[in-house]
Amino acid sequence: MADPPAAPDVSKGYLDLLGDSPDADASPKNTGAIQAVWASGLGSMLYDNAQAFARKLIGAWQLPVEWLDIPAGGTALDVGSGPGNVTASLARAAGPDGLALGVDISEPMLARAVKAEAGPNVGFLRADAQRLPFRDETFDAVTSLAVLQLIPDPQAALSEIARVLKPGGRVAIMVPTAGRGGQLLRLLPNGGVHFFTEDELGDAFEDLGLTGVRTKTLANIQWVRARKP
Ligand SMILES: C[S@@+](CC[C@H](N)C(=O)[O-])C[C@H]1O[C@@H](n2cnc3c(N)ncnc32)[C@H](O)[C@@H]1O
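Below is a summary of the structure that appears in this document. Predicted model only: the values in this text are computed from it and were never measured.

Quick look at the overall build of the protein chain
Right, so step 1: Summing up its helical and strand segments, the protein chain has eight helices and eight strands in all.
Right, so step 2: Relative to the compact-globule value of 17 Å for 229 residues, the protein chain shows a C-alpha radius of gyration of 16 Å, a close match.
Right, so step 3: The principal-axis extent of the C-alpha atoms belonging to the protein chain is close to 50 × 35 × 35 Å.
Right, so step 4: By the burial criterion, 48% of the 229 residues in the protein chain qualify as buried.
Right, so step 5: Of all intrachain contacts in the protein chain linking residues separated by at least 6 positions in sequence, the fraction that spans at least 24 positions is 68%.
Right, so step 6: Carbon and sulfur atoms make up 55% of the accessible area of the protein chain, which amounts to about 11,000 Å² in all.

Here you go:
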């Protein structure tokens, strides 16, 4: 960690770095309706069930875990880990000597993740994607699925992801897109969700110096993958 807490709060099964910390207010907050749902007990339960169903049935939802090429004993980070099953699949790829960490701001999501997925090589932290609590060049792979659209300053989160990735490390991001209705949807109330334009995230990765940037849009989902040179 970049700045380990003197008295870590792990009372809920995850390391809470936002509890009483002055850092809790350091980043802009999403006050929209959608994030309010993910921050609630009922919303997190509904999302957990829906994502499990979607990942079984819809190819576009499935993590390209082989492409991430996580070495045995490697480290992986899942930003906005929600119910934690993607984090757990990163841990399986890293093997018993590896480590996968999930970061989220929602306490109900983290509670679900800890209950279902925490283990010897899977752990969770409550922290903001806009200020990741890790040292530079810590992770072999970083994922962030269905999260960036909720982040008030997605550029800050992307910079943080690039910062904590090791040279040679790989990143895969998935966001919902508005498809052809994008321009129209941008004009409507959206519950605090940002709809990225086709090249927005790919361009942002290139601006951060990442290479091999690939984007793939499947219906209303876009994947962006890249490597750190
Ligand atoms: C739609 S869920 C996706 C969860 C998981 N990545 C998945 O694919 O199943 C979005 C998650 O992003 C989290 N989130 C939103 N803003 C965040 C932020 N600034 N930092 C960390 N997590 C955030 C929400 O709390 C929620 O758990």
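Structural notes on the site of the ligand
Right, so step 1: Taken together, 19 residues surround the ligand, and among them Tyr 47, Arg 55, Gly 80, Asp 104 and Leu 145 come closest.
Right, so step 2: In this structure, Tyr 47 approaches the ligand through a side-chain N or O atom, which is 2.8 Å from an oxygen atom.
Right, so step 3: Between Ala 129 and the ligand, the recorded distance is 2.9 Å, taken from a backbone N or O atom to a nitrogen atom.
Right, so step 4: For the ligand, whose free accessible area comes to 600 Å², the fraction covered by protein is 98%.
Right, so step 5: Class assignment for the residues of the shell around the ligand results in 11 nonpolar, five polar and three charged.

Quick word on a nonpolar patch on the surface
Right, so step 1: Together, Leu 42, Met 45 and Leu 46 make up an exposed nonpolar region whose accessible area comes to about 290 Å².
Right, so step 2: Of note, Leu 42 is situated in helix H2 (residues 41-57).
Right, so step 3: Given the relative accessible area of 57%, Leu 42 is considered exposed.

Details of the pairing of strand E3 (residues 99-104)
Right, so step 1: Burial within E3 is extensive, with five of its six residues counted as buried.
Right, so step 2: As paired elements, strand E2 (residues 75-79) and E3 share five bridges and run parallel to each other. Looking at the pairing, Thr 75 lines up with Leu 99 of E3.
Right, so step 3: Crossover handedness for the path E2 to helix H4 (residues 85-94) to E3: right-handed.
Right, so step 4: Bridge count between E3 and strand E4 (residues 122-126): five bridges; the pairing is parallel. By the bridge assignment for E4, Ala 100 is matched with Val 122.
Right, so step 5: With respect to chirality, the unit in which E3 leads through helix H5 (residues 107-117) into the neighbouring parallel E4 is right-handed.

Thresholds applied
- Residues numbered from 1 in each chain as written.
- Predicted model: local features only at pLDDT ≥ 70, side-chain atom pairs only at ≥ 80, totals over all residues.
- Heavy atoms only, no water.
- Helix = DSSP H or I, 4+ residues; strand = E, 2+ residues; numbered from the N terminus.
- Rg over C-alpha atoms; globule rule 2.2 N^0.38 Å.
- Buried < 20%, exposed > 50% of the residue type's maximum accessible area, 1.4 Å probe, protein only.
- Contact = heavy atoms within 4.5 Å.
- Areas by Shrake-Rupley, 256 points an atom, 1.4 Å probe, with all protein chains shown as cover.
- Near = heavy atom within 4 Å.
- Polar contact = N/O pair within 3.5 Å; in protein donor to acceptor, adjacent residues only side chain to side chain.
- Nonpolar A, V, L, I, M, F, W, Y, C, P; charged D, E, K, R; others polar.
- Patch = residues over 30% accessible without salt bridge, like charges linked within 9 Å, V, L, I, M, F, W, Y side chains within 5 Å.
- Salt bridge = Lys/Arg side-chain N within 4 Å of Asp/Glu carboxyl O.
- Pairing = 2+ DSSP bridges.
- Right-handed = clockwise from strand over helix to strand, strands pointing away.

Keep in mind that these numbers describe shape and distance, not what the molecule does.
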